Amino acid sequence: MGRGTIRAVAFLLCGLLAVVQGEDPYLFFEWKVTYGTISPMGVPQQGILINGQFPGPRINCTSNNNIVVNVFNELDEPFLLTWCGIQQRKNSWQDGTLGTMCPIMPGTNMTYHFQVKDQIGSFFYYPTTALHKASGGFGPLQIHSRALIPVPFDTPADDYSVLIGDWYSKGHKSLKKLLDSGRSLGRADGIHINGKSAKVGDNAEPLFTMEAGKTYRYRICNVGMKNSLNFRMQGHGLKLVEVEGSHTIQNLYDSLDVHVGQCLSVLVTANQEPKDYYMVVSSRFAKKPLSTVGIVRYVNGKGPASPELPPPPPETAVGIAWSVNQFRSFRWNLTASAARPNPQGSYHYGQINITRTIKLVNSASRVDGKLRYSLNGVSHVDSPTPLKLAEYFGVQDKLFNYDLVKDEPPSDDKASVIMAPSVLNATFRNFVEIIFENHEKSIQSYHLDGYSFFAVAIEPGRWTPEKRKNYNLIDTVSRTTVHVYPGSWAAILTTFDNAGMWNLRSEMWERFYLGQQLYISVLSPEHSLRDEYNLPDDAQLCGIVKDLPKPPPYNM
């Protein structure tokens, strides 16, 4: 793998890294981000590569490992990566969003230092700058349990990453021009699996291989731009075992909906006739259905895959009901351990009093003739100075006002949209309820950096306090992404116990880019290293803080 190869480093080096504390092992990576030729739809086009790879290299680590990634930006535009689902405990400095970090300028490099503290599971990384995500730069990030922590299934014969997503053939610069001109991206051109697409009957190389009688883990992430997707495998059941870092009750499914930004793990047992089989990925709730296939080949198997594919789930209202029921069937495995020895169910989230309710309604509108998306009437605009840096240096008043987004949506749906940096002020360690209400005709998907949360309900209609009686307060899955169906709402519960500045965003990238996001400022009143790390010594400074003296550091 050249410079991208992991290098073993002695524990004596640990003390040299100020950001990440402790003596847990370190993994070092060196990544070169470049343009290159890719063909996800079968036609050559420019893509974004990491160390010459599309998708990018896999980070394969263990709970509590310290990850150090030196990123060299050889593109012609500023660049940042976020580590979707990694909680960055006390360390929003490494979150990789434009509200927390200065971008890596062309021809320069920057080193991320972070710890996958008390986490396991299936995640991925991707660019947050411009529309770079539409051209690549994404890859899998897998966190395994420590050796002494029991896992609720036998070690699989192999562990496969399956990155699925919709794809636009125009390239990120052309797509950005579309959005900047006030237009929408429109429909995607196709769907890829690990950067490749195929049709039934194509003479394609297999994406994965299995040996008869063995069981394999497939970690499936929707890294796309817009479309919810359905995943299924010809002739094989899918045993769900993990969703975004939580072990689940191990139900068996014929197919699974995976919404934008979401990840899950399934076990597949090679118990069929040894030959080729199709893995099928198709769009959900789209006006123009899209699909692709990939070949799974049995070792020493004989015969091509059958042209008869497993059917997709229903669409329209029936399909939404099907998908809602599938969401409700995902349950937390209360007796299984996650990153720590204690069972997941030892945390009784349903018994904690809610201290604040935030209700967010998404909307689309025109501002000066151009398309914008907003939450509670506020369309976020990125600042040249990262908001977290402005806050840390005490100059936030020059850039933004807190709480432009109110806890309730405006009563007037036709009120003018506010375009500004959007920062919600939160109280450290408060247990909060966030309601996402979707009045539009398209599905939504939201991700919250810095936390996992309990997605306690998804239902049609409008939310009212009486709906709390329908919450799953016992065994809903702790996760980092939640979807909201058209004309529906979703409710999540979480504790704001991770000090920092955290991005709450739409994972539909057109909406994210055009304002459907905000930041949540969670400040510890103690200003202590117990709650938040200091600004890293090697942190890049930009905007109005570039030449300011650093504030006094936090102490224990």
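Before reading on, note that the structure itself is shown above.
A brief look at the structure comes next. It should be emphasised that the depicted structure is a prediction, and the values quoted were computed from it without experimental measurement.

The rules behind these values
- Residues numbered from 1 in each chain as written.
- Predicted model: local features only at pLDDT ≥ 70, side-chain atom pairs only at ≥ 80, totals over all residues.
- Heavy atoms only, no water.
- Phe/Tyr/Trp six-rings, centres within 6.5 Å; stacked < 30°, edge-to-face > 60°.
- Helix = DSSP H or I, 4+ residues; strand = E, 2+ residues; numbered from the N terminus.
- Buried < 20%, exposed > 50% of the residue type's maximum accessible area, 1.4 Å probe, protein only.
- Lys NZ or Arg CZ within 6 Å of the ring centre and 35° of its normal.
- Expected span 1.5 Å × (residues − 1).
- Arc of directions from axis to C-beta.
- 1 Å grid on protein atoms, 1.4 Å probe; cavity = no way out; pocket = protein on both sides within 12 Å on 5 of 7 lines; lining within 4 Å.
- Points joined across faces, edges and corners; volume = space filled by probe spheres on them.
- Nonpolar A, V, L, I, M, F, W, Y, C, P; charged D, E, K, R; others polar.

Below, the discussion takes up the packing of aromatic side chains. Tallied over the full model, the rule gives 31 aromatic pairs. A centroid spacing of 5.0 Å and a plane angle of 40 degrees characterise the contact between Trp83 and Phe114, whose relative ring orientation is tilted. With Trp83 in strand E5 (residues 81-84) and Phe114 in strand E6 (residues 109-115), the pair connects residues that are 31 residues apart, well separated along the chain. Each member of the pair, Trp83 as well as Phe114, is classed as buried. Taken together through their ring pairs, the aromatic side chains of Phe29, Trp31, Trp83, Tyr112, Phe114 and Tyr125 make up a single cluster. Directly above the aromatic system of Tyr126 lies the positively charged group of Lys133, at a separation of 4.5 Å from the ring centroid.

Okay, helix H2 (residues 316-329) next. Residues three or four positions apart in an α-helix share a direction because the helix packs 3.6 residues into each turn. Spanning 14 residues, H2 covers 20 Å between terminal C-alpha atoms, matching the ideal 20 Å at 1.5 Å per step. All buried positions along H2 are accounted for by Gly319, Ser323, Val324, Gln326 and Phe327. Buried residues in H2, looked at end-on, bunch into an arc of 160 degrees, giving them a common side. In H2, the exposed positions angled more than 90 degrees off the buried face are occupied by Ala317 and Val318.

This part takes up the layout of surface pockets. Taken as a whole, the largest pocket encloses approximately 1000 Å³ of empty space. Lining the largest pocket are 41 residues, with Gln87, Arg89, Asp118, Arg340 and Ser452 sitting closest to its centre. Those elements giving two or more residues to the lining of the largest pocket turn out to be E6, strand E28 (453-460) and strand E31 (488-495). Sort the elements by how many residues they give to the lining of the largest pocket and E31 lands first, with 3 residues. A breakdown of the residues in the lining of the largest pocket according to their chemical character gives 15 nonpolar, 19 polar and 7 charged. In this model, the second largest pocket occupies a volume close to 700 Å³. Along the walls of the second largest pocket sit 26 residues, with Lys226, Phe285, Lys287, Ser442 and Ile443 positioned nearest its centre. Residue contributions to the lining of the second largest pocket peak at 3 residues, all from helix H4 (residues 509-513). When grouped by side-chain class, the residues that make up the lining of the second largest pocket number 11 nonpolar, 6 polar and 9 charged.

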